[in-house]
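Overview (structure and organization)
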Amino acid sequence: MKSTSVRRMTLSTAVAAALAAVAACGSPGPAAGGSSGEGLSGGDAGERQTTRVSPVAALRSAEKSTAGAESARVRSTTTVGSVMSMTAEGSLGWADGITGTLTLTYTGGTAADTMRRLGLASMQARYLPDAYYARMSDAFAEQAGGKHWIKYAYDDLADLRGSSGVYLKDQMRNSTPEQSVKLLLASGDVRKVGEEKVSGQNTAHYAGTVEVADLVTRGSRLDASRLADLKKQLDQAGITTETVDIWVNDRDLLVKKVEKGDTANGTMTSTAYYSDYGVRVSVEEPPAADTEDFKALIAQQSGSRPTS
């Protein structure tokens, strides 16, 4: 395979991996304010341990508490058929968009094969409110002007990937842990499975089935034309429904979530664990002298100039 083709595949794989990682730690749910169900007053969360509440009321309390924590340590695994298998670990904050750092490790699939060709068994991803940055290998830098970091501006992703890109841009800024809770609330299919021990904590286990296209319609800010295009792309990808399971502790905080669904590339499974809520999250933009813009790299490889 030509080096240009490998670089292009690596760039695309890197963006897919970092997007998948933050989505695994959060969830591509409805936009803020899009959840349904009855809310809880300030005192209701405290009464949960002595008063039996409905699954919807319990999840509304969990949504509020998890969102209010504003940061946590996360570790996740994501598998998409034979295409990609990866893990992610680090800390993320969500007080003002997604910020933080994750270490992504490719553990299998064709995506891992692509990344390993350029010495990338693992990669650091830094998330800032308007972009994320991927730390590439020395081997990749030698083929890309000597720069190790690639900047993926969310606005550029929207331009390059059309309707799905606009949706991804929106979700990158809203893929916070409480979105998994919102997924269940918005689905209208919520049930309590039981009480279980997870990571040494007593938790309540809730589950449901989500109709992906319906949630896209309700949660997206796309106009009618782009929304129709996105739904068509979801259909072509074989994405219709997914199951969501979440575990909530006695403090109404999300401890674990699992999402499963079928795609054209095989079964997608995403599992994430959360701990140390409220941890301090600090992330810096990589040095400009060692950073190349994703859009500029794509333009260079296609022989055109990037537009501003």
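Residues numbered from 1 in each chain as written. Predicted model: local features only at pLDDT ≥ 70, side-chain atom pairs only at ≥ 80, totals over all residues. Heavy atoms only, no water.

Some thoughts on the side chain of glutamate 63
Put simply, the test is: Strands are runs of DSSP state E lasting at least 2 residues, helices are runs of H or I lasting at least 4, and numbering of each runs from the N terminus. Only protein chains enter the accessibility calculation, which uses a 1.4 Å probe; a residue whose area is less than 20% of its type maximum is buried, one above 50% is exposed, and one in between is partly exposed. Pairing of N or O atoms within 3.5 Å defines a polar contact, subject to two protein rules: one partner must be a possible hydrogen donor and the other a possible acceptor, and residues neighboring in sequence count only if both atoms are side-chain atoms.
Tracing the backbone through its elements, the reader meets glutamate 63 in helix 2 (residues 55–69). By relative accessible area, glutamate 63 is classed as buried at 10%. A polar contact is formed between the side chain of glutamate 63 and the side chain of arginine 60, at a distance of 2.9 Å.

Some remarks on the sheet that holds strand 10 (residues 254–263)
Counted only if it meets this: For two strands to count as paired, DSSP must find a minimum of two bridges between them. Helix axes use the C-alpha atoms of the stretch in contact, all axes being lines fitted to C-alpha atoms, and the angles between their N-to-C directions lie in the range 0 to 180 degrees. The contact criterion used is simple: two residues touch if any of their non-hydrogen atoms lie within 4.5 Å.
Read from one edge of the open sheet, twelve strands run 7-8-9-10-11-1-2-3-4-5-6-12, paired in mixed fashion. Taken across any chain shown, the strands that pair with only one partner, and hence form the sheet edges, are strand 7 (191–198) and strand 12 (291–293). Averaged over all adjacent pairs, the angle separating strand axes in this sheet is 20 degrees, with direction ignored. Bridge analysis of strand 3 (residues 99–108) against strand 4 (residues 122–128) gives six bridges, and the strand direction is antiparallel. Each bridged residue has a counterpart across the sheet, and for leucine 102 the counterpart in strand 4 is alanine 125. In the packing of helix 7 (residues 178–187) onto the sheet, the strands contacted are strand 8 (201–211), strand 9 (241–249) and strand 10, and the crossing angle to strand 9 comes to about 120 degrees.

Considering the pattern of salt bridges
Which entries qualify depends on this criterion: The term salt bridge refers to a side-chain nitrogen of Lys or Arg lying within 4 Å of a carboxyl oxygen of Asp or Glu.
A full pass over the atoms with the stated rule returns six salt bridges. Ionic pairing is found between glutamate 63 and lysine 182, a salt bridge with its closest N-O pair at 4.0 Å. Residue glutamate 63 is located in helix 2, and its partner lysine 182 is located in helix 7; the two are separated by 119 residues in the primary sequence. Via salt bridges that share partners, Arg60, Glu63 and Lys182 belong to a single interconnected network.

Some thoughts on the nonpolar core
Rules: Each nonpolar core is a collection of buried residues, namely Ala, Val, Leu, Ile, Met, Phe, Trp, Tyr and Cys, held together in the definition by side-chain atoms within 4.5 Å.
One finds Leu92, Leu102, Leu104, Tyr127, Met136, Tyr206 and Ile246 to be the most contacted residues of the largest nonpolar core, which totals 54 residues. Core analysis: the next-biggest nonpolar cluster, separate from the first, contains five residues, Leu128, Tyr133, Trp149 and Ala153 among them.

Digging into helix 7
For helix 7, the buried fraction is high: nine of the ten residues fall into the buried class. Just downstream of helix 7 lies glycine 188, where phi reads positive at about 75 degrees.

Some remarks on the pairing of strand 3
In terms of strand pairing, strand 2 (residues 84–93) meets strand 3 through nine bridges, oriented antiparallel. Bridged to glycine 93 within strand 3 is threonine 99. Linking two consecutive strands that pair antiparallel, namely strand 2 and strand 3, is a turn of five residues; a positive phi of about 75 degrees is found at glycine 97 within it.

What to know about the confidence of the model for the protein
Stated formally: For every residue, the pLDDT score states the predictor's confidence, bounded by 0 at the bottom and 100 at the top.
Per-residue pLDDT for the protein averages 78, and the proportion of residues at 70 or more is 67%. Element-level pLDDT for the protein is lowest in helix 9 (residues 224–236), with a mean of 56, against a maximum mean of 96 in strand 7.

As for unusual backbone geometry
We note that serine 199 has phi near 50 degrees; this positive angle belongs to a residue other than glycine. Topologically, serine 199 is positioned in the loop between strand 7 and strand 8. Looking at serine 199, the relative accessible area reads 49%, which means it is partly exposed. Of note, aspartate 276 is a non-glycine position whose phi angle comes to about 50 degrees, a positive value. Here aspartate 276 is to be found in the loop between strand 11 (266–275) and strand 12. When its relative accessible area of 45% is taken as the criterion, aspartate 276 is described as partly exposed.

Describing the pairing of strand 8
Pairing analysis gives seven bridges linking strand 7 to strand 8, with the strands arranged antiparallel. Paired with valine 198 across the strands is glutamine 201, a residue of strand 8. Here strand 7 folds back onto strand 8 in antiparallel fashion, the turn holding two residues, of which serine 199 has a positive phi close to 50 degrees. Here strand 8 runs beside strand 9; their pairing, made up of nine bridges, is antiparallel. By the bridge assignment, threonine 203 is partnered in strand 9 with asparagine 249.

Considering the packing of aromatic side chains
Let me state the cut-off plainly: Classification of ring pairs uses Phe, Tyr and Trp, with its six-membered ring standing for Trp, and accepts pairs whose centres are within 6.5 Å; under 30 degrees between planes counts as stacked, over 60 as edge-to-face, and the remaining range as tilted. The rule for a charge over a ring is simple: NZ of Lys or CZ of Arg within 6 Å of the ring centre, and within 35 degrees of the ring normal.
Tallied over the entire structure, the rule returns four aromatic pairs. Between tyrosine 132 and tyrosine 152 the ring centres are 4.7 Å apart and the planes differ by 10 degrees, which places this aromatic pair in the stacked class. Taken as a pair, tyrosine 132 in strand 5 (residues 131–135) and tyrosine 152 in strand 6 (residues 149–153) lie far apart in primary sequence, 20 residues in all. Both residues of the pair, tyrosine 132 and tyrosine 152, belong to the buried class. Ring-pair connections join several aromatic residues into one group, and the members of that group are Tyr127, Tyr132, Tyr152 and Phe294. Between the NZ or CZ atom of arginine 75 and the centre of the ring of tyrosine 273, over which it lies, the distance is 4.3 Å.

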